[in-house]
Structure formats: C-alpha cells, structure tokens
Amino acid sequence: MTTKLRSLAAATAAVASVIAGAAGTASAAPSAVLGGSSGIAFENNSVCSLTAIGHDNAGRLVGITAGHCAPTGARLIAEHTPDAGVIGKVAFSDDGKGLDYAVLELNPERVTPVRSIGPTTIAGLGDAPGPGATVCSSGRSSGSDCGVVWGELDGTTINQYCSKPGDSGGPVVVGDRLVGMNQGRLTGIGPVGFDVPCTTAANPLHSPAFFQPILVILAAINAQGGVGAGFQPI
C-alpha cells in the first residue's frame, strides 16, 4: 500500500473567528478574486489551494479542491481577502476517501472569478499526459513549479513538481490546459520510506508528488449530479 502525505496545512484559529464573525457583514464586503491556485481557508482551520473556478450546468459559480481539505458543509473564506467574509461552502467532499475531491458552491456576489493567477492560466481542460511529459502545478504554499511525469500509482499520476502542505487542490496544467488536481507527495511505498520534503520550488531533490487526472474527477462529479455537474472553467 502506498503511504501518502496529504498536503493539508493547519491555519490559525483566526480563520474560524473570521468565518464566525462574517455572517452579518455582507453588504460592504469586497469581492475576492479567485482562480486556480488561490488560497482558500475553511472553518476547520485548514488552508488549501483552489483547483479551478467556473460554472456548472445550472449556472452556479463553483470551485473544486481536494476532498481531504474540509468536510461537506464547511464554510470558507479567501485567504488573501478575508474581508470578503464567507464566500461559499463545501457542497460535497469525499473527505479524501475516494478520488479525494470537493466541490465548492461559491457566492457570486462575493467572488470575482478569473482565469489567471500569477503565472497560471486555465483556459480549458485536457488529458493527463504520460511518462516523460512535463506538467506544472501551482499552489498557495509553493507557488509555481514544473516536473517530469514518472507514471501511475494507485490511480494517481506521479511526477516531480514541488508540493508542500497547503498546495493540496492546486491545479496541474500543461500550457493553459487543466489536466489534474495536486493532492500531495509520496512519503513511501509499502515498507520503503523516502520522505524528503520540498524546500523550494527551485530545488528538485525531494519526494515525488502526485495528482488525480481532472477528467476522472469531473466524470465523478457529473455522475453524482447536483452542484458542480457539467463544470466548465471560466
């Protein structure tokens, strides 16, 4: 069995207090600019990265992130725009027990969706590439980094980009095509451990990371129906 270190960062207790105090402060709140790799904080005091933002087939503004970040029903704020208050909730989370994904229903009055955050632009969807290809990931902890794909393991794609706690849920792209969701890094396979953390995105000497192909996740969301079904990025 593969041992996986889930890239889940503990946020401070201030996250919960901001969410608790934001319920009645909607009218003058600024809008949070969100796109793939934006930091999002949940009321369970975890901070993760947004995979992508877009609309489902009912026209709802939705986002996607890793399922181990927060449970169904958890409220969230934008890490860099806490004054926007509560910007949405987790409509569904598999709690990291399945494909490891969560669907976020976002408030369009408090969120401004964008295609580009820093160097990462998401203009469409694509298939996860095979061994030897290069993919790039970005997240709120590591920023942007690229690495070679090694192959598949337990249904995920193993590669050599940098992944730190808090990067979970971040987009994995080839060019401007979203091909996957970053879900963490390997710390061992069976009895063999190789837990070498990523120090900086510029240092390639670290344990491999892994991602779930985005088309697999979207197929599961579509099959489930409800919020997120028919998702298309902005």
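In case you missed it, the structure is sitting above this.
Residues numbered from 1 in each chain as written. Predicted model: local features only at pLDDT ≥ 70, side-chain atom pairs only at ≥ 80, totals over all residues. Heavy atoms only, no water.

Undergrad: What exactly am I supposed to notice about the environment of glycine 98 here?
TA: Mapped onto the elements of the fold, glycine 98 is located in the loop between strand S9 (88–93) and strand S10 (102–106). When its relative accessible area of 55% is taken as the criterion, glycine 98 is described as exposed. In the structure, glycine 98 is positioned 31 residues away from glycine 67 in sequence and 8.4 Å away in space, judged by C-alpha atoms. (Helix = DSSP H or I, 4+ residues; strand = E, 2+ residues; numbered from the N terminus. Buried < 20%, exposed > 50% of the residue type's maximum accessible area, 1.4 Å probe, protein only.)

Undergrad: So what exactly am I meant to see when it comes to the pattern of salt bridges here?
TA: Pairing is possible between side chains that carry opposite charge, provided their charged atoms lie close to one another. As enumerated under the stated definition, the model contains five salt bridges in all. Measuring nitrogen to oxygen at the nearest pair gives 2.7 Å for the salt bridge that ties aspartate 56 to arginine 60. A relative accessible area of 6% means that aspartate 56 is categorised as buried. What makes arginine 60 partly exposed here is its relative accessible area of 28%. (Salt bridge = Lys/Arg side-chain N within 4 Å of Asp/Glu carboxyl O.)

Undergrad: What's the story with the nonpolar core in this structure? I'm lost.
TA: Generally speaking, soluble globular proteins have nonpolar side chains that are buried together. With 36 residues, the main nonpolar core has Phe42, Ile87 and Leu104 as its most contacted residues. Of all the secondary structure elements, the ones that give two or more residues to this core are strand S3 (32–34), strand S4 (39–42), strand S6 (52–55), strand S7 (61–65), strand S8 (75–78), S10, strand S19 (177–189) and helix H2 (214–224). Excluding its chain neighbours within four sequence positions, the residues that come into contact with isoleucine 87 are Ala32, Leu34, Leu76, Ile77, Ala78, Glu105, Leu106, Asn107, Arg110 and Val111. By size, the runner-up hydrophobic cluster in this structure holds seven residues, among which are Val135, Tyr161, Ala209 and Phe211. (Core = buried A, V, L, I, M, F, W, Y, C linked by side-chain atoms within 4.5 Å. Contact = heavy atoms within 4.5 Å.)

Undergrad: Sorry, what's going on with H2 here?
TA: Each α-helix winds once per 3.6 residues, and so residues spaced three or four apart point in a common direction. Taken together, the buried positions of H2 are Ile214, Ile217, Leu218 and Ile221. Within H2, the buried residues cover an arc of 95° as seen down the axis, which keeps them to one side. Just downstream of H2, glycine 225 is the residue with a positive phi angle, here 75°. (Arc of directions from axis to C-beta.)

Undergrad: Hey, could you run me through unusual backbone geometry in this one?
TA: Note: most peptide bonds trans; most residues except glycine with negative phi. In this structure, asparagine 45 is a non-glycine residue whose phi angle is positive, near 70°. Tracing the backbone shows asparagine 45 in the loop between S4 and strand S5 (46–49).

Undergrad: So what exactly am I meant to see when it comes to the environment of glycine 143 here?
TA: The topology assignment puts glycine 143 in strand S16 (residues 143–153). For glycine 143, a relative accessible area of 32% corresponds to the partly exposed category. On a C-alpha basis, the gap between glycine 143 and aspartate 167 in space is 8.5 Å, while along the polypeptide they are 24 residues apart. Setting aside anything within four residues of it in sequence, one finds glycine 143 in contact with Ser137 and Ser138.

Undergrad: What should I look at first to understand the environment of glycine 63 in this one?
TA: By the secondary structure assignment, glycine 63 is in strand S7. Residue classification places glycine 63 among the buried residues on the basis of a relative accessible area of 0%. Sequence-wise, glycine 63 and proline 113 are 50 residues apart; in three dimensions their C-alpha atoms are separated by 9.6 Å.

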